[in-house]
Amino acid sequence: MSSPPPILDLKNVNKVYPSAGEAPVEVLRDIDLTLEAGSSTAIVGPSGSGKSTLLQIIGTLDRATSGTVRIAGQDVAGLSDDQLAELRSRMIGFVFQMHHLLPHCTALENVLVPVLANSKPGKDTVERARKLLDRVGLSHRLNHLPGQMSGGERQRTAIVRALINQPKLLLADEPTGALDRASAEALAVLLAELNREEKVTLIVVTHAPELAATMDRTLRIEDGRLLPTE
Ligand code: ADP
Ligand code: MG
C-alpha cells in the first residue's frame, strides 16, 4: 500500500499583487513546503514579508498566482469557492492575532459557531466543546462573554473554536501578538501540547522567539523565499 499524501504540499507557489501605475509586488517566490501530518512549524520574518499572505494561501482563503497547493493530496486550484469553503470547514482551523469572537455569545456558544455552519450541534459535539474548554483551563468561563474574559482567555477560546471540527491543519497568524508576555508564553506551551494531543498539523506565524521555539522547526521568509533557519 502506498503511504498517504502529505497533509500539505506546496510546489513553486508564487504570489504577485498588481499595483496601479507601479511594478507588481512579488510577495512570494517559488515557495516549496511539504508538511507531514502532526508536525508543527513556525514561520518567522520581517513585517510585510508575506507571512500572512502565505498562511492565507495555505488556508485557501486566497489563491496563488502560480504553483500548486495540495491539501491531503487534493489540488485546490480546481475547486470552486463553495468546494473550498467545504474543505476549509472540514480540514482547517484558523486563529488570528485578534480573537474575532462574537461579543454577544458565551465562550461555549462561540466555540460551537463553526459547527452551526453545518448542522445543529449534537450532544457529542457540545461534550467535546466542554472538554476542550476544560482542557485549556476555561471550565469556569463556559458562560462568560468575551468582554468578561482576559486576553489570554479569549485567545484560548478562539483556539478551541478552531479545533472544534477536528481539523487536520491549524493555522495561527501571530496568535500571541496582542498578549502580555506571561499569557503569550502560556499560550505557546498550550499550542504545542494541543498539536500533539489533537494530532493536528500546526503552522504558526510569529514574531515571538519563545513561541517559535516550541515548534518542531522554524522557517523564515526573506525576499519572498522560504528558507530554513538554524
Ligand atoms: P506579513 O504578514 O509578513 O507582515 P503580508 O503577507 O501581510 O506580510 O504582506 C506582504 C506584502 O504584500 C506587503 O508588502 C503588503 O503590503 C502586500 N499585500 C498584502 N495584501 C495585499 C493586497 N491584497 N493587495 C496588494 N498588496 C498586498
Ligand atoms: Mg501578517
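Everything that follows concerns the structure shown earlier in this document.
Every value quoted in this text rests on a predicted model; they were computed, and no experiment measured them.

Rules and cut-offs
Residues numbered from 1 in each chain as written. Chains lettered and ligands numbered in written order. Predicted model: local features only at pLDDT ≥ 70, side-chain atom pairs only at ≥ 80, totals over all residues. Heavy atoms only, no water. Buried < 20%, exposed > 50% of the residue type's maximum accessible area, 1.4 Å probe, protein only. Helix = DSSP H or I, 4+ residues; strand = E, 2+ residues; numbered from the N terminus. Pairing = 2+ DSSP bridges. Contact = heavy atoms within 4.5 Å. Near = heavy atom within 4 Å. Polar contact = N/O pair within 3.5 Å; in protein donor to acceptor, adjacent residues only side chain to side chain. Areas by Shrake-Rupley, 256 points an atom, 1.4 Å probe, with all protein chains shown as cover. Nonpolar A, V, L, I, M, F, W, Y, C, P; charged D, E, K, R; others polar. Salt bridge = Lys/Arg side-chain N within 4 Å of Asp/Glu carboxyl O.

Summarising burial for strand S3 (residues 40–44): five of the five residues are buried, a large majority. Of the two faces of S3, the one lined by Ser40, Ala42 and Val44 and the one lined by Thr41 and Ile43 are each fully buried. Inspection of the sheet shows S3 paired to strand S8 (residues 201–205) by four bridges, in the parallel sense. Bridge pairing in S8 links serine 40 to leucine 202. Where S3 and strand S9 (residues 217–222) come together, four bridges link them in parallel fashion. From the neighbouring strand, isoleucine 43 faces S9, where its bridge partner is leucine 219.

Turning our eyes to something else, we now look at the environment of alanine 64. Here alanine 64 is to be found in the loop between helix H1 (51–58) and strand S4 (66–71). When the C-alpha atoms of alanine 64 and asparagine 12 are compared, they prove to be 9.7 Å apart, with 52 residues separating the residues in sequence. Residues contacting alanine 64, with those up to four places away along its chain left out, are Val13, Asn14 and Ile57.

Once that is clear, we can look at the site of ligand 1. The full set of residues close to ligand 1 is Tyr17, Val27, Pro46, Ser47, Gly48, Ser49, Gly50, Lys51, Ser52 and Thr53. Separating a nitrogen atom of ligand 1 from a side-chain N or O atom of tyrosine 17 is a distance of 3.3 Å. Side-chain polar atom of serine 52 to an oxygen atom of ligand 1: 2.9 Å apart, as the coordinates give it. For ligand 1, whose accessible area on its own is 560 Å², the fraction buried by protein is 57%. In terms of residues, the shell around ligand 1 owes the most to one element, H1, which gives three residues. Grouping the constituent residues of the shell around ligand 1 by class yields three nonpolar, six polar and one charged.

Let's shift gears to the environment of glycine 78. Structurally, the position occupied by glycine 78 is in the loop between strand S5 (74–75) and helix H2 (81–91). By relative accessible area, which is 67% here, glycine 78 ends up exposed. Sequence separation between glycine 78 and asparagine 12 is 66 residues, and the spatial gap between their C-alpha atoms is 17 Å.

A separate point is the pattern of salt bridges. For the structure on display, the rule yields eleven salt bridges. Notably, a salt bridge pairs arginine 29 with glutamate 26, separated by 3.4 Å at the nearest N-O pair. Judged by its relative accessible area of 30%, arginine 29 falls in the partly exposed class. On the basis of relative accessibility, which here comes to 46%, the residue glutamate 26 falls in the partly exposed class. Among the salt bridges present, the one from glutamate 153 reaches arginine 141, with a minimum N-O distance of 3.1 Å. Residue glutamate 153 is found in helix H5 (residues 151–163), and its partner arginine 141 is found in the loop between helix H4 (123–135) and H5; the two are separated by twelve residues along the sequence. Looking at glutamate 153, the relative accessible area reads 9%, which means it is buried. Counted as one network, the salt bridges with shared partners bring together Arg135, Glu193 and Glu197.

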